[in-house]
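So the chains spell out like this:
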Amino acid sequence: MKTDITYFEKIGENNTADVLAIGLKRYRQGDIDAIVIASSFGKTAKMAAEVFAGEKVPLIIVGEVLEGKQSPPLEVCEPLIAKGHQVIWGVTISTMSKFSRNETPNLIADVYKRISEGFKVVCEIVLIATSSGYLQAGQKVLSIAGTHRGADTAVVARAAGYADFQSFQVHEILCKPYKR
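For every chain, the first residue of the written sequence is number 1, and numbering continues from 1 onward in sequence order. Only residues with pLDDT of at least 70 are given local features in this predicted model, and only at 80 or more are side-chain atom pairs given and counted; all residues enter the totals for whole chains, interfaces and linings. Water and hydrogen atoms play no part in the side-chain values, which are based on all heavy atoms of the structure.

Description of the pairing of strand 6 (residues 140–145)
Residue exposure (1.4 Å probe, protein chains only): buried if accessible area is under 20% of the type maximum, exposed if over 50%, otherwise partly exposed. Labels follow the DSSP assignment, with helices taken as runs of H or I lasting at least four residues and strands as runs of E lasting at least two, numbered in each case from the N terminus. Judged by how many residues are buried, strand 6 sits mostly within the fold: 6 of 6 residues are covered. Alternating residues of strand 6 divide into K140, L142 and I144 and V141, S143 and A145, and every residue in both groups is buried. When DSSP finds two or more bridges between a pair of strands, those strands are recorded as paired. Note that strand 6 and strand 7 (residues 153–158) share 6 bridges and pair antiparallel. Residue pairing across strands places K140 opposite R158, the latter belonging to strand 7.

Here we look at unusual backbone geometry
What you tend to see is this: most non-glycine residues have negative phi, and most peptide bonds are trans. Phi is positive for D31, close to 65°, though the residue is something other than glycine. When you line up the elements, D31 lands in the loop between helix 1 (16–28) and strand 2 (34–38). Backbone geometry places H148, a non-glycine residue, at a positive phi of 70°. Mapped onto the elements, H148 comes out in the loop between strand 6 and strand 7.

Here we look at the packing of helix 5 (residues 104–115) against helix 6 (residues 117–131)
Every axis corresponds to a line fitted to the C-alpha atoms, with the helix fit spanning only the stretch in contact, and the corresponding angles, defined between N-to-C directions, vary from 0 to 180 degrees. Where helix 5 meets helix 6, the closest approach of the two axes is 5 Å, and the angle between their N-to-C directions is 130°. Taken as axis vectors, helix 5 and helix 6 run oblique relative to one another. As helix 5 packs across helix 6, the resulting crossing turns out to be right-handed. In this structure, helix 5 contributes A109, Y112, K113 and I115 to the contact, and helix 6 contributes E117, F119, K120 and C123. In what follows, roughly perpendicular refers to angles from 65 to 115 degrees, roughly parallel to angles under 35, roughly antiparallel to angles over 145, and oblique to any angle outside these ranges. Put simply, a crossing is left-handed when the front helix is turned counterclockwise from the back one by less than a right angle, and right-handed when it is turned clockwise. Any pair of residues with heavy atoms lying within 4.5 Å of one another is described as a contacting pair.

Points about the pattern of salt bridges
Throughout this description, the term salt bridge denotes a Lys or Arg side-chain nitrogen within 4 Å of a carboxyl oxygen of Asp or Glu. As enumerated under the stated definition, the model contains 7 salt bridges in all. A salt bridge links E117 to K120; its shortest N-O distance comes to 4.0 Å. With E117 and K120 both in helix 6 and 3 residues apart, this pair spans about one turn of that helix. With a closest N to O distance of 3.0 Å, E124 and K120 form a salt bridge. Taken together, the positions of E124 and K120, both in helix 6 and 4 residues apart, correspond to about one turn of that helix. The two residues E124 and K120 agree in class, both being buried.

Here we look at the packing of aromatic side chains
Remark: the centre distance and the inter-plane angle together describe each pair of aromatic rings, the angle taken between the planes. For this analysis, a ring pair means two rings from Phe, Tyr or Trp (six-membered ring only for Trp) whose centres lie within 6.5 Å, classed as stacked if their planes differ by under 30 degrees, edge-to-face if by over 60, and tilted for the remaining angles. For the structure shown, the criterion picks out 4 aromatic pairs. Between Y112 and F119, the aromatic rings sit 5.6 Å apart at their centres with planes inclined by 75°, giving edge-to-face as the arrangement. For the residue pair Y112 and F119, the accessibility class agrees, reading buried in each case. Across from the ring centre of F41, 3.9 Å away, lies the NZ or CZ of R149, which sits over that ring. Criterion for a charge above a ring: Lys NZ or Arg CZ within 6 Å of the ring centre, and within 35 degrees of the ring normal.

A word on the packing of helix 1 against helix 2 (residues 43–51)
One can describe the packing of helix 1 onto helix 2 by two numbers: an axis separation of 10 Å at closest approach and a directional angle of 40°. On the basis of their axis angle, the class for helix 1 and helix 2 is oblique. In this structure, the crossing between helix 1 and helix 2 has a hand that is right-handed. Only T44, M47, A48 and V51 of helix 2 make contact with helix 1, whose side of the interface consists of T16, A17, L20 and L24.

Structure representation (structure tokens):
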């Protein structure tokens, strides 16, 4: 198998439109069971919902807790949910170290960050969605995330949850920043 990988010169939201276009192209090639998108503030989720609207595929949008509040905020989530998408929140890899007092999850997160921050997040959101029951272990998923804001990384992965971490696989790196 031969595929192309797109490398972005800079990290962050300036790559979002390109990442979503790359993701859409890969989704249209077939064999993708679900799409998982990271979105803290909702802008990436809204853009993704527009880009994938013609595909009739529900998105699984994974947010985070910022300053004690679920993000993206409810006013962003409600229209996405009304269109059939799911918005969820979960425990990040690094947060698991705080709860367990085991540094292994922190080490795994740091290793993923050596590839890029967005790479850590694309892996993390698949683990969160599977652990929360929104994905089935073994599903082939398109995962899109980024560094701080927007999207700059996309992969095709085999879903697994935290409890079965060794079954998690990244099959294809579609795009990522060249430098982290």
